[in-house]
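# Architecture and fold: a report
What follows is each chain in one-letter form.
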Amino acid sequence: MILYPAVDIRDGQCVRLRQGEFHQAKVYSEYPVEVALRFEAAGASYLHVVDLDGAVEGKFANKEVIQEILGAVQIPVQTGGGIRSIKDIEERFQLGIARVILGTGAVKNPELVKQAVSEFGADRIIIGIDAKDGMAAISGWEKVSEISAVELALRMREYKAERIIYTDIARDGMLSGPNEAAMEKMISETGMKIIASGGVSSISDLLCLSKLSLEGIIVGKALYENKFDLAEAIKRIEQKKNDMPCFEEEHNGL
C-alpha cells in the first residue's frame, strides 16, 4: 500500500480545503516545491498534486508551479485538475507527470476515458471520483452530478479504467476519520484498484484503512497540521513495521 502526500495548489500556493469549499481554503505554504521536497525527504514514494484552480476553470492554471515540482523531486507525481481532453493529458505527460487524474472530464465525457486508456494505457490514467452523499461531484467539487459514485466507477470500468481515487468530500479536510464503509463498498462493488482520500487524521486511521484491500491512501491536512509524522507512517503502513491493531492508538496521532 502506498501513502500519497497531497500537494494542493491554488494561486500558486499550497493550500487545504474543508469539504471542498474554496472559500475555506487555508494557505500552508507559499512554496509548494519546498513542501514536495519535504515529503520526498520523509520517504514518500509518490506525490499527489492537484491544480485546484484548474479543476474549477477547466485549464492548466498552475502549470509553472507543477513544472517546478517535477524538476525538483525524483519520485513520480500524479496530478489532476482541469484535464478535459487528450491534448490536456498529453501536455501533462510531456512535462513528466507519471499518471493523470480524470474527474470532471470523466463524468462529462466518458468517451475521453475510453480514448485515454486506449492511447496511454490503464496504468497511467486514474479516475478521480469525489462524492457528496454517495453522488459524484464535479467542477472542483462545486457541483453534484446525477450519478452515484459506484455507478460512475462501474461505467469507467466498462471503458477499461482500472484505478480510482475515491474521495468522501464530507470528510475531506475535516480530520474526522475516513469513511471506511464507503471505501469498502467501492472496493467490493467494483473490484477496481482504489486509492482512498478524505478524513485521515492519525496513524490509527491509516492502520484501519490498511485492513481494507486498498491500493493506496492520500494524506493531506493531517500532515500540514502535524497530526503524525510522515516518515513514521510510511514505516508503519508501506513497510509494515511494528504493526498493531488500529484501535490501539489514539485518534489524534502519535
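Let me begin by describing the structure that accompanies this report. Here the structure is a predicted model, which is why all the values come from computation and not from measurement.

Turning to the overall build of the protein chain, a few remarks are in order. Looking only at helices and strands, the protein chain has 11 helices and 12 strands in total. Here the protein chain holds 254 residues, and the buried ones make up 56% of them. A separation of at least 24 residues holds for 68% of the contacts in the protein chain among residues at least 6 apart in sequence. Accessible surface for the protein chain amounts to roughly 10,800 Å². Of this, 44% is attributable to carbon and sulfur atoms.

Here we take up the layout of surface pockets. Reported here for the largest pocket is a volume of approximately 200 Å³. For the largest pocket, the full set of lining residues is Tyr28, Ser29, Arg38, Phe39, Ala42, Leu223, Tyr224, Asn226, Phe228, Asp229, Leu230 and Ala231. Contributions of two or more residues to the lining of the largest pocket are made by β3 (21-29), α1 (32-41), α10 (221-224) and α11 (230-237). Partitioning the lining of the largest pocket into residue classes produces eight nonpolar, two polar and two charged.

The next thing to look at is the packing of aromatic side chains. For the structure on display, the rule yields four aromatic pairs. Centre to centre, the rings of Tyr4 and Tyr46 are 5.4 Å apart; their planes meet at 55°, and the pair counts as tilted. Here Tyr4, found in strand β1 (residues 2-10), pairs with Tyr46, found in the loop between α1 and β4 (47-51); they are 42 residues apart in sequence, far enough to count as distant. The pair Tyr4 / Tyr46 is uniform in exposure class, with both members buried. Centroid distance Tyr28 to Tyr224: 5.1 Å. Interplanar angle 40°. Geometry classified as tilted.

Quick look at the nonpolar core now. Formed by 71 residues in total, the largest nonpolar core has its most connected members in Ile69, Ile89, Leu102, Ile125, Ile127 and Tyr166. If we skip the residues at most four places from it in the chain, Leu102 touches Ile83, Ile89, Leu112, Val113, Ala116, Ile125, Ile126, Ile127 and Gly128. Counting eight residues, the second-largest nonpolar core is a separate cluster that includes Ala6, Ile126, Ile165 and Ile218.

As a further point, take the pairing of strand β7 (residues 125-132). Counting buried positions along β7 gives seven out of eight residues, so the element sits mostly inside the fold. Here strand β6 (residues 99-102) pairs with β7 via three bridges, running parallel. The residue bridging Val100 from the neighbouring strand is Ile125, located in β7. Of the strand pairs in this sheet, β7 and strand β10 (residues 163-168) are connected by six bridges, and their pairing is parallel. The residue bridging Ile127 from the neighbouring strand is Ile164, located in β10.

Quick notes on the rules
- Residues numbered from 1 in each chain as written.
- Predicted model: local features only at pLDDT ≥ 70, side-chain atom pairs only at ≥ 80, totals over all residues.
- Heavy atoms only, no water.
- Helix = DSSP H or I, 4+ residues; strand = E, 2+ residues; numbered from the N terminus.
- Buried < 20%, exposed > 50% of the residue type's maximum accessible area, 1.4 Å probe, protein only.
- Contact = heavy atoms within 4.5 Å.
- Areas by Shrake-Rupley, 256 points an atom, 1.4 Å probe, with all protein chains shown as cover.
- 1 Å grid on protein atoms, 1.4 Å probe; cavity = no way out; pocket = protein on both sides within 12 Å on 5 of 7 lines; lining within 4 Å.
- Points joined across faces, edges and corners; volume = space filled by probe spheres on them.
- Nonpolar A, V, L, I, M, F, W, Y, C, P; charged D, E, K, R; others polar.
- Phe/Tyr/Trp six-rings, centres within 6.5 Å; stacked < 30°, edge-to-face > 60°.
- Core = buried A, V, L, I, M, F, W, Y, C linked by side-chain atoms within 4.5 Å.
- Pairing = 2+ DSSP bridges.

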